[in-house]
Amino acid sequence: MKALAPDAPVIREDIRDKDSGAHGARRHPNHIFTWTMGDRDKPDRMFENAEVTVKQDIVYPRVHPCPLETCGCVASFDKVRGDLTVYITSQAPHVVRTVVGLLSSIPESNIRIISPDIGGGFGNKVGVYPGYVTSIVASIVLGRPVKWIESRNENLSSTAFARDYHMTGELAADKDGRIKALRVNVVADHGAFDACADPTKWPAGMFHVCTGSYAIPNAFVSVDGVYTNKFPGGVAYRCSFRVTEAVYLIERMVDVLAQKLGIDKAEIRLRNFIGRDQFPYTTPLGLEYDSGDYETGLKKVLAAVDYNALRKEQAQRRADPDAEWLMGIGVVNFTEIVGAGPSKMCDILGVGMFDSCEIRVHPDGSAIARMGTITQGQGHQTTYAQIIASEAGIPASKITVEEGDTATAPYGLGTYGSRSTPVAGAAVARASRKIREKARRIAAHLLEASPDDVEFDLDRFVLKGSPDQFKTVKEVAWAAYNNVPEGLEMGLEAVDYYDPPNFTFPFGAYVCVLDINRYTGEIRVRRFYALDDCGTRINPMIIEGQIHGGLTEGFAVALGQELPYDEAGNLLGATLLDYFVPTAVETPHWETDFTVTPSPHHPIGAKGVAESPHVGSIPCFTSAVVDAFAHLGVTHMNMPHNAYRVWQQCRELGLTRPA
């Protein structure tokens with residue numbers, strides 16, 4: 001990274017002489033911030049006396065979420081009424097409304113943001129882009145509707161990228177591979193402006209989850225944000241803020257340590273896991289993991305793939321100097337942090353990251369539920385309706401779920417960072433329970449009994465000890481509008497704003513088996529086994545679909561995706577001819593599994609799952625690719641692992657010629 005060199009060209013002449021920024025002192029004209037977590041002295045002392053240390057430079061290249069539907073906006077300002085209506089491809093419509101109100105001085109009550117099903121987001125549609133602003137301003141000035149729709153080239157080259165982290169990791173351990181300390185230094189390429197989407201207080205997001213699933217007693221992290229001549233605007237591509245980079249770093253470092261000590265990569269993980277009896281577990285970087293059972297998950301996966309047999313097969317392959325195909329085995333055990341998030345820790349422009357739900361039950365027993373989130377294909381309608389059905393007894397088929405319209409939905413912070421179920425899902429459960437409690441009181445009134453003598457049973461309220469005496473939820477809904485107990489309001493509806501006490505921490509254990517052709521660099525993924533623990537599982541089919549999608553995007557990143565630039569800041573590939581988006585033809589077969597470790601602080605124990613497979617699969621693919629060459633001394637290879645780069649590695653090792 002040349003941006004911080006003494007003679008580097010100054011990217012931002014307008015702030016060349018500013019000696020401080022939003023997060024403290026600046027030490028170079030291209031320096032944005034330095035963000036640190038942890039006690040620097042403790043790890044330093046451990047490194048001074050460690051039996052074993054390892055150090056590795058790791059580049060996580062710039063990639064792009066690349067939703068198949070690009071960004072767009074239609075703004076319409078009514079000069080007579082003073083109303084502004086905006087149809088927009090946004091993952092956070094309420095925040096957009098607040099931003100538009102602040103910039104335009106139009107009252108938020110006169111602004112309506114509508115974000116329909118937006119054809120995929122993956123983080124790319126969180127930000128407010130210049131095209132949005134320009135169309136809104138033009139409509140306000142002209143008093144006419146104005147549309148902006150971007151092309152595929154514009155989407156790849158000028159909307160928010162992801163990653164571009166240049167990392168150096170260090171581990172200190174004893175000779176048995178038990179980790180004593182972690183040190184991490186990062187240079188984060190922000191492009192020409194500090195436009196990365198991160199919580200206000202954390203300019204490097206949640207990167208401090210980089211201690212992973214391991215009981216590392218001492219850790220220190222430092223991240224420097226820098227300006228470069230690339231396009232600005234980083235986002236979290238199918239992950240919570242910077243979690244993918246953090247997980248990639250620690251999983252690669254554990255592999256490097258295992259290789260140096262000659263310890264199997266699965267065994268070294270088992271030796272360092274946080275024990276399930278240690279939860280809630282506070283990391284040296286200040287996060288409190290809610291729950292976990294890492295050993296059970298990894299052992300289940302190792303048994304499922306017959307890990308010992310795979311290692312024996314690999315040893316036989318390596319013993320044959322004429323073998324055309326090299327065999328690599330990747331192992332990863334990751335912990336993710338999702339559910340952004342507690343307003344005491346996370347906010348955007350000062351707005352805390354709570355979320356909301358409003359439920360109205362009609363006299364006929366049907367209901368409408370409105371949320372502050374916005375779906376992009378995650379199956380919210382199914383998941384939210386199922387929570388309401390379980391908690392309030394209303395059939396899912398009778399529930400309408402509505403999102404994305406600020407004129408009707410309660411204020412919420414949107415959908416990204418796997419926050420829909422951990423945050424909005426909790427609000428749905430709590431609002432449903434409010435409905436259930438009021439319905440129980442009405443049912444008791446109808447049964448001429450005390451509310452304490454009435455209990456909820458699936459779709460009805462039953463008099464204790466008299467199962468034949470009950471009122472259905474549908475009957476109670478009708479009574480809510482004509483026959484309620486004295487002192488109780490008519491109607492049956494509830495609103496809940498949920499501000500979580502903590503994040504949730506889903507985890508997973510993955511194994512990848514692949515073969516590499518030494519003469520061509522071709523990679524064939526033979527097997528990928530993914531076990532995810534997302535806490536309470538609401539709808540297994542929805543979960544399965546989310547995992548398949550995340551694994552496919554992880555496969556794309558690891559084996560092909562990159563936004564390459566030349567030294568002048570020109571993007572060298574901005575079409576789908578250049579940027580790898582896998583189809584069903586290229587995508588491997590996924591084998592999935594699960595364990596269930598509920599979150600103790602979530603109303604139904606759910607943790608979130610949509611982003612975990614993306615986070616975990618990427619280091620697993622790299623682990624497998626590097627493992628194919630590990631017996632030849634290779635400790636790390638930077639992504640993407642496309643055929644040409646892998647062939648280059650084979651050539652450097654002399655493998656492209658017959659033995």
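See the structure above.
All values reported here derive from a predicted model rather than from experimental measurement.

Cut-offs used in this document
- Residues numbered from 1 in each chain as written.
- Predicted model: local features only at pLDDT ≥ 70, side-chain atom pairs only at ≥ 80, totals over all residues.
- Heavy atoms only, no water.
- Patch = residues over 30% accessible without salt bridge, like charges linked within 9 Å, V, L, I, M, F, W, Y side chains within 5 Å.
- Areas by Shrake-Rupley, 256 points an atom, 1.4 Å probe, with all protein chains shown as cover.
- Salt bridge = Lys/Arg side-chain N within 4 Å of Asp/Glu carboxyl O.
- Helix = DSSP H or I, 4+ residues; strand = E, 2+ residues; numbered from the N terminus.
- Buried < 20%, exposed > 50% of the residue type's maximum accessible area, 1.4 Å probe, protein only.
- Expected span 1.5 Å × (residues − 1).
- 1 Å grid on protein atoms, 1.4 Å probe; cavity = no way out; pocket = protein on both sides within 12 Å on 5 of 7 lines; lining within 4 Å.
- Points joined across faces, edges and corners; volume = space filled by probe spheres on them.
- Nonpolar A, V, L, I, M, F, W, Y, C, P; charged D, E, K, R; others polar.
- Pairing = 2+ DSSP bridges.
- Contact = heavy atoms within 4.5 Å.
- Core = buried A, V, L, I, M, F, W, Y, C linked by side-chain atoms within 4.5 Å.
- Axes fitted to C-alpha atoms, helices over the stretch in contact; angles between N-to-C directions.
- Left-handed = near helix turned anticlockwise from the far one by under 90°.
- Polar contact = N/O pair within 3.5 Å; in protein donor to acceptor, adjacent residues only side chain to side chain.
- Disulfide = S-S within 2.5 Å.
- Arc of directions from axis to C-beta.
- Phe/Tyr/Trp six-rings, centres within 6.5 Å; stacked < 30°, edge-to-face > 60°.
- Lys NZ or Arg CZ within 6 Å of the ring centre and 35° of its normal.

Caption draft 1: A look at a nonpolar patch on the surface. A cluster of nonpolar side chains, namely V128, V133, V137, V141 and L142, defines an oily patch on the protein surface of about 410 Å² accessible area. Looking at the element boundaries, V133 is found in helix α3 (residues 130-142). Residue V133 is classed as partly exposed on the basis of its relative accessible area of 34%.

Caption draft 2: A look at helix α13 (residues 612-627). End to end, α13 covers 23 Å across 16 residues, agreeing with the expected 22 Å (1.5 Å per residue, within 8%). Burial analysis of α13 places 16 of its 16 residues in the buried class, the great majority of the element.

Caption draft 3: Region of interest: the layout of surface pockets. By volume, the largest pocket is sized at about 940 Å³. Lining the largest pocket are 37 residues, and of these G127, D194, A195, C196 and A197 sit closest to its centre. Those elements that place two or more of their residues in the lining of the largest pocket are α2 (93-104), α3 and β15 (347-348). Sorting elements by how many residues they give to the lining of the largest pocket places α2 first, with 4 residues. For the lining of the largest pocket, the residue count by class is 26 nonpolar, 8 polar and 3 charged. Of the voids in this model, the second largest pocket is the one considered here, and its volume is about 690 Å³. M1, D189, N229, K230 and D566 are, among the 25 residues lining the second largest pocket, the residues nearest its centre. Examining the composition of the lining of the second largest pocket, we find that 3 residues originate from one element, strand β4 (residues 52-63), more than from any other. Looking at the lining of the second largest pocket, its residues break down into 12 nonpolar, 4 polar and 9 charged.

Caption draft 4: Inspection of the pairing of strand β24 (residues 507-517) at higher detail. Most of β24 sits out of view: 11 of its 11 residues are buried. Burial of β24 is two-sided: the residues F507, A509, V511, V513, D515 and N517 facing one way and the residues G508, Y510, C512, L514 and I516 facing the other way are all buried. Here strand β14 (residues 325-335) runs beside β24; their pairing, made up of 11 bridges, is antiparallel. Among the inter-strand pairings, L326 is bridged to a residue of β24, identified as I516.

Caption draft 5: Summary view of the environment of V626. Tracing the backbone through its elements, the reader meets V626 in helix α13. We classify V626 as buried; its relative accessible area is 4%. For V626 and M637, which are 11 residues apart along the polypeptide, the C-alpha to C-alpha distance reads 6.3 Å. With residues near it in sequence (within four places) discarded, V626 still touches R252, V634, T635, H636 and M637.

Caption draft 6: Focus on the nonpolar core. If you look at the biggest cluster of nonpolar residues, it comprises 129 residues, and the most contacted ones within it are F207, V223, I516 and F629. No other element matches the 11 residues that helix α5 (residues 243-261) contributes to this core. When sequence neighbours within four positions are dropped, the list of residues in contact with F629 reads L326, I516, V634, M637, V646, Q649, C650, L653 and L655. Core analysis: the second largest hydrophobic core is formed by 43 residues, I359, M371, I442 and L447 among them.

Caption draft 7: Spatial organisation of the packing of helix α9 (residues 380-392) against helix α10 (residues 420-446). The N-to-C vectors of α9 and α10 enclose an angle of 35 degrees; their axes lie 8 Å apart at closest approach. As α9 runs across α10, the sense of the crossing is right-handed. For the pair α9 and α10, contact is made by H380, T383, Y384, I387, I388, E391 and A392 and by S420, T421, A424, G425, V428, A429, S432, R433, I435 and R436, respectively.

Caption draft 8: Highlighting the environment of T536. Here T536 shows up in the loop between β25 (523-533) and α12 (540-559). Along the sequence, T536 and A173 sit 363 residues apart, while their C-alpha atoms lie 35 Å from each other. A distance of 2.7 Å separates the side chain of T536 from the backbone oxygen of I604, its partner in a polar contact.

Caption draft 9: The state of the cysteines, seen in detail. Within the structure shown, the criterion is met by 0 disulfides. Distance from the sulfur of C73, which forms no disulfide, to the nearest cysteine sulfur (C71) is 10 Å. On the accessibility criterion, C73 (2% relative accessible area) is buried. In this structure C534 is not part of a disulfide, and its nearest cysteine sulfur, from C239, lies 18 Å away.

Caption draft 10: Layout of the pattern of salt bridges. Inspection of every chain in the model, using the stated rule, returns 47 salt bridges. Connected via shared salt-bridge partners are E251, R252, D255, D264, K265, R269, R311, R318 and D627.

Caption draft 11: Summary view of the side chain of T283. Looking at where T283 falls in the secondary structure, it is placed in the loop between β12 (281-282) and β13 (288-289). Beyond its immediate chain neighbours, meaning those up to four positions away, T283 contacts T211 and Y289.

Caption draft 12: Region of the structure containing α3. Here α3 is 13 residues long and its end C-alpha atoms lie 18 Å apart, about the 18 Å a rise of 1.5 Å per residue gives. Those residues of α3 lying buried are G131, Y132, S135, I136 and S139. Taken around the axis of α3, the buried residues stretch over an arc of 130 degrees, which confines them to a single face. In α3, the exposed positions angled more than 90 degrees off the buried face are occupied by P130, T134 and V141.

Caption draft 13: The arrangement of the packing of aromatic side chains in detail. Following the criterion strictly, the structure yields 24 aromatic pairs and no others. Their ring planes at 80 degrees and their centres at 5.5 Å tell us that Y132 and W148 sit as a pair that is edge-to-face. Highlighted residues: Y132 in helix α3 and W148 in strand β8 (residues 146-149), separated in sequence by 16 residues. For Y132, a relative accessible area of 1% puts it in the buried group. An aromatic cluster is defined as three or more aromatic residues linked by ring pairs; in this entry it consists of F334, Y510, F528, F555, F580, W590 and F621. The ring of Y227 carries the charged tip of R12 above its face, separated from the ring centre by 5.3 Å. A cation over a ring is seen here: K300 above F594, with NZ or CZ 5.7 Å from the ring centre.

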